Amino acid sequence: MAEDRFAGYSGSPIKIILFFVGCIILAVFAQGIFRAGTTPSIKIVPGMPVIGKRTPVRVEVSEPRRGLTHVTVDLIQGDKSARLADKNYPFASQLAFWGAKTSQDIVQVEAGKQTLSELTGGTATIRVTAERAGTWLRRPKPQVEEVVLPVRLTPPSIQITSIQTYISQGGCEIVVYRVGESAVKDGVRAGSWWFPGFALPGGGKQDRFSIFAIPYDMNEPKAKLVVEDAAGNSAEIGFIDKFFPKPFRSDDMEIGDAFLNKVVPEILSQTPEMKDRGNVLDNYIAINRELRQKDGEIIKSLAQKSAAAFLWTKPFSTIPNGKPMAAFGDRRTYLYQGKIIDHQDHLGLDLAVTKQCPVPAANDGVVLYARYFGIYGNAVLIDHGYGLQTIYGHLSSIAVKEGQKVAKGDVIGRTGETGLAGGDHLHFSTILQGLPVNPNEWCDGHWIRDRMAKKLGAAFSFSAQ
């Protein structure tokens, strides 16, 4: 009886094993049928609303289950096309839930005339094809997304409306012009320097002007008026009628230990980012080169904060009765114990009167900087609008605050010998878009009237008095 009782259960373990084996087979079979990748997500982000010579395009693709397998990006116009990107990716096995895979990617390409030389005006299509992993039994179709954009290959028009562009090396000028409706950027490029254009006050929608300069270290007028549209199409024209090279003076400066021991410790203590080179001479050379360059970069960044307006109406002026100690553009050779240790250009005026003499603002404006400033020591920078600024260096004290409006003649501080100064004086610089320019022009009412006021007309209210 006992044997009969247990006989019915003898096959149960085998049935259970067979059941689980069957489930595994079914699961593997289901994986082969159903575990394909999900439909990839595609996002196309053109960097411009049109296609031009080189339009940047950002493509975002993702497939989180098994990963991407293949992505292509094409630029298509009619029967012409160009492959902009072609990428293969590792992906997860259909039987595993782990392993290497690429769930998402960002593809950066450029679409335009430079990638499809046959491209013409009209429209063109950016097509993205993203493929996902298949299975033994399924080969899912790739996902395709498209963006159609207008093609623009003709640059905006540009017409100069002012006359007689005369400029000196290290000096400034102004050009008035009109651009086409598609223009999004315009101005003057002189070497590596950019002088942006601005809307002409009281003018038409496309009327513009640019105050520009020929850099002090450029002995020929490599300046062009440039206009560009949203597609990156650009045009440029020359416009300078006369250029006056200016030979700058050469000046040897003997550096002594007394001077080094005076200026170096002060500047290092006020400029903690400067690394101590271990001796006073090497520290001085680093200050004269590296810190001077860094100060120049800060000045360029402050130019970006300039008001898009004329904040002044009269000629600029320097400190009254100031005795010139150094001129703009002096080519300095620095010597220590008779040996050359450095070369730098002096990009302002050094003016001496009496110790701690009151320093007036050269013109109306707004204080953008009023604190210790590298080689300039205690310094004030005033913005006068449209990228024109003035710097007052080596002050013994500062009497204004950043953000404060000042009128021409307001006392902003007193002369001193902070920073790289051997004695009490004022270092005065005129800056245009971060570039030091000849201050004497801006102090000359006749120059301002002839070179600026006559060209701008009603757009600029100027009094030579």
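As the structure is a computational prediction, the values presented were derived from the model and not from experiment.

Parameters at a glance
Residues numbered from 1 in each chain as written. Predicted model: local features only at pLDDT ≥ 70, side-chain atom pairs only at ≥ 80, totals over all residues. Heavy atoms only, no water. Pairing = 2+ DSSP bridges. Helix = DSSP H or I, 4+ residues; strand = E, 2+ residues; numbered from the N terminus. 1 Å grid on protein atoms, 1.4 Å probe; cavity = no way out; pocket = protein on both sides within 12 Å on 5 of 7 lines; lining within 4 Å. Points joined across faces, edges and corners; volume = space filled by probe spheres on them. Nonpolar A, V, L, I, M, F, W, Y, C, P; charged D, E, K, R; others polar. Buried < 20%, exposed > 50% of the residue type's maximum accessible area, 1.4 Å probe, protein only. Axes fitted to C-alpha atoms, helices over the stretch in contact; angles between N-to-C directions. Parallel < 35°, antiparallel > 145°, perpendicular 65-115°, else oblique. Left-handed = near helix turned anticlockwise from the far one by under 90°. Contact = heavy atoms within 4.5 Å.

Next up on the list: the pairing of strand β16 (residues 234–237). In this structure, strand β15 (residues 223–229) lies alongside β16, joined through 4 bridges in antiparallel fashion. Note on β16: the bridge partner recorded for Leu225 is Ile237. Count of turn residues in the β15/β16 antiparallel hairpin: 4 residues, of which Gly232 carries a positive phi of about 85°.

There is about 1000 Å³ of room inside the largest pocket. In this structure, the largest pocket is lined by 48 residues; those nearest its centre are Arg292, Asp345, His346, Leu347 and Ile375. Among the secondary structure elements, those contributing two or more residues to the lining of the largest pocket are β18 (250–254), α4 (280–303), β19 (323–326), β20 (330–336), β21 (339–346), β22 (349–352), β30 (426–432) and β31 (435–437). Here the lining of the largest pocket gets 10 residues from one element, more than from any other, and that element is α4. Looking at side-chain class alone, the lining of the largest pocket contains 21 nonpolar, 15 polar and 12 charged residues. Of the volumes computed, that of the second largest pocket is approximately 200 Å³. Looking at the second largest pocket, the residues that line it are Trp193, Trp194, Pro196, Phe198, Lys300, Ala303, Gln304, Ser306, Gly387 and Gln433. In terms of residues, the lining of the second largest pocket owes the most to one element, strand β12 (residues 193–196), which gives 3 residues.

For Asn321, which is not glycine, the phi torsion reads 60° and is therefore positive. Mapped onto the elements, Asn321 comes out in the loop between α4 and β19. For Asn321, a relative accessible area of 72% puts it in the exposed group. Look at Gln433: it is not a glycine, yet its phi comes out positive at around 50°. Along the chain, the position of Gln433 falls in the loop between β30 and β31.

Relative orientation of the contacting elements helix α3 (residues 257–270) and α4 amounts to 60°, with a least axis distance of 10 Å. Between α3 and α4, the crossing angle belongs to the class labelled oblique. Here α3 runs over α4; the crossing is left-handed. Every residue of α4 that contacts α3 at Phe259, Leu260, Asn261, Val264, Ile267 and Leu268 is listed here: Val280, Leu281, Asn283, Tyr284, Ile287 and Leu291. Among the residues making up the contact of α3 with α4, the classes are represented as 10 nonpolar, 2 polar and no charged.

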